Amino acid sequence: MPTRPRPAARPPAPLLTARQEERRQRILRATALLAARGGFEAVQMREVAEGSQVALGTLYRYFPSKIHLLVATLNDQLRQLHATLGKRPPTAAAPDERVAETLLRAFRAMRREPLLADAMVRALTFADRSASAEVATVSRLTTAIILDAMRCPEPPTAQQLSAIRVIEHTWLSALVDRLSGRASIAQVTLDITTASRLIAAPAAPPPAG
């Protein structure tokens with residue numbers, strides 16, 4: 001049986017003019033509102049176009065699919081969260097404690113709109129190669145949030161970056177488990193706190209040979 005070709009990743013989007021960025025923000029706000037009211041299934045491209053007062057064809061030029069749209073909405077939410085954390089940084093003394101504090105605050109912020117959070121996380125899970133740029137931005141923003149919490153004075157080491165990836169995966173998994181009712185708040189707190197301690201782990205010895 002012939003294999004189906006994988007969707008090609010889109011090239012980086014060109015820089016937007018001020019008017020185009022304003023239109024894009026209207027689209028993201030309309031998407032977030034629909035998702036907050038009805039979850040993943042409520043986000044339909046025609047309703048988003050109507051809610052943001054753009055033509056349906058224009059919407060598809062900005063976002064080729066509902067998945068692209070919801071992952072972009074997640075990126076917008078993370079940017080807002082990053083800005084808020086910059087104004088009110090974590091207060092714990094140790095880097096791993098600051099990371100845990102930061103991610104738990106992010107977790108609580110996402111839980112305030114559970115249907116929106118579920119829609120964005122589902123889109124991230126369903127995203128294929130065509131949305132790789134949007135997915136990569138989610139990872140970059142999450143990494144930036146963690147690095148800010150660490151207050152690392154130097155570029156992170158390979159081990160620190162590996163620890164950050166594990167922490168990111170744990171945070172996302174904990175969010176999914178809580179939204180689906182499979183984990184308690186106490187379990188989520190324990191998991192995020194435990195993963196954050198990887199920041200303070202001693203450097204691993206170089207591989208033998």
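Since the model is a prediction, treat every value here as computed from it, not as a measurement.

Conventions and cut-offs
- Residues numbered from 1 in each chain as written.
- Predicted model: local features only at pLDDT ≥ 70, side-chain atom pairs only at ≥ 80, totals over all residues.
- Heavy atoms only, no water.
- UniProt positions renumbered as here; feature names shortened; annotations may be inferred.
- Helix = DSSP H or I, 4+ residues; strand = E, 2+ residues; numbered from the N terminus.
- Expected span 1.5 Å × (residues − 1).
- Polar contact = N/O pair within 3.5 Å; in protein donor to acceptor, adjacent residues only side chain to side chain.
- Axes fitted to C-alpha atoms, helices over the stretch in contact; angles between N-to-C directions.
- Left-handed = near helix turned anticlockwise from the far one by under 90°.
- Contact = heavy atoms within 4.5 Å.
- Nonpolar A, V, L, I, M, F, W, Y, C, P; charged D, E, K, R; others polar.
- Salt bridge = Lys/Arg side-chain N within 4 Å of Asp/Glu carboxyl O.
- Buried < 20%, exposed > 50% of the residue type's maximum accessible area, 1.4 Å probe, protein only.
- Core = buried A, V, L, I, M, F, W, Y, C linked by side-chain atoms within 4.5 Å.

Asker: Explain the UniProt feature "DNA-binding region" (unreviewed entry) in the chain here, please?
Answerer: UniProt marks residues 44-63 with the feature "DNA-binding region" (unreviewed entry), using the numbering shown here. Overall, residues 44-63 shows 75% helix and 0% strand. The separation of its end C-alpha atoms is 12 Å.

Asker: Can you help me understand helix α4 (residues 66-87) in this one?
Answerer: Two residues of an α-helix separated by three or four positions point the same way, owing to the 3.6 residues in each turn. Along its 22 residues, α4 runs 32 Å from first to last C-alpha, staying within 8% of the 32 Å computed at 1.5 Å per residue. Measuring from the backbone nitrogen of isoleucine 67 back to the side-chain oxygen at the start of α4 gives 3.3 Å, which picks out serine 65 as the cap.

Asker: Hey, could you run me through the packing of helix α5 (residues 95-111) against helix α8 (residues 158-179) in this one?
Answerer: The relative placement of two packed helices comes down to the angle between their axes together with the axis-to-axis distance. Relative orientation of the contacting elements α5 and α8 amounts to 30°, with a least axis distance of 11 Å. Crossing hand, α5 versus α8: right-handed. Along the contact surface, α5 presents Val99, Leu103, Ala106, Phe107, Met110 and Arg111, while α8 presents Ile167, Trp171, Ala174, Leu175 and Arg178. Here the contact of α5 with α8 is composed, by residue class, of 9 nonpolar, no polar and 2 charged.

Asker: What's the story with the pattern of salt bridges in this structure? I'm lost.
Answerer: A pair can form between side chains of opposite charge whenever their charged atoms are brought close. Applying the stated criterion to the full structure yields 4 salt bridges. Residue glutamate 22 is joined to arginine 26 by a salt bridge in which the shortest nitrogen-to-oxygen separation is 2.5 Å. Of this pair, glutamate 22 and arginine 26 both sit in helix α1 (residues 18-38), 4 residues apart, which is roughly one turn of that helix. For glutamate 22, a relative accessible area of 39% corresponds to the partly exposed category. For arginine 26, a relative accessible area of 23% gives the class partly exposed.

Asker: I tried to follow the nonpolar core on my own but got confused; where do I start?
Answerer: The nonpolar side chains of a soluble globular protein tend to be buried, and buried together. With 52 residues, the main nonpolar core has Ile27, Leu59, Phe63, Leu69, Val99 and Trp171 as its most contacted residues. Ranked by residues supplied to this core, first place goes to α4 with 9 residues. What isoleucine 27 contacts, discounting residues up to four positions off in sequence, is Val48, Ser52, Val54, Leu59, Tyr62, Phe63 and Leu69.

Asker: Hey, could you run me through unusual backbone geometry in this one?
Answerer: Excluding glycine, residues mostly carry a negative phi; peptide bonds, for their part, are mostly trans. In this structure, glutamine 53 takes a positive phi of about 60° despite not being glycine. A relative accessible area of 68% means that glutamine 53 is categorised as exposed. Residues other than glycine seldom take positive phi values, yet arginine 151 does so here, at roughly 55°. Within the secondary structure layout, arginine 151 lies in the loop between α7 (132-150) and α8. Exposure remark for arginine 151: the relative accessible area of 44% places this residue in the partly exposed category.

Asker: Could you clarify how one ought to interpret the environment of glycine 38 in this entry?
Answerer: Along the chain, glycine 38 falls in helix α1. The class for glycine 38 is partly exposed, based on a relative accessible area of 38%.

Asker: Would you mind showing me how to read α7 here?
Answerer: With 19 residues, α7 should cover 27 Å at 1.5 Å per step; its first-to-last C-alpha distance of 27 Å lies within 8% of that length. Among all positions of α7, only Glu134, Thr137, Val138, Leu141, Thr142, Thr143, Ile145, Ile146, Ala149 and Met150 are buried. Of the residues flanking the end of α7, it is arginine 151, one or two places downstream, whose phi is positive at about 55°.

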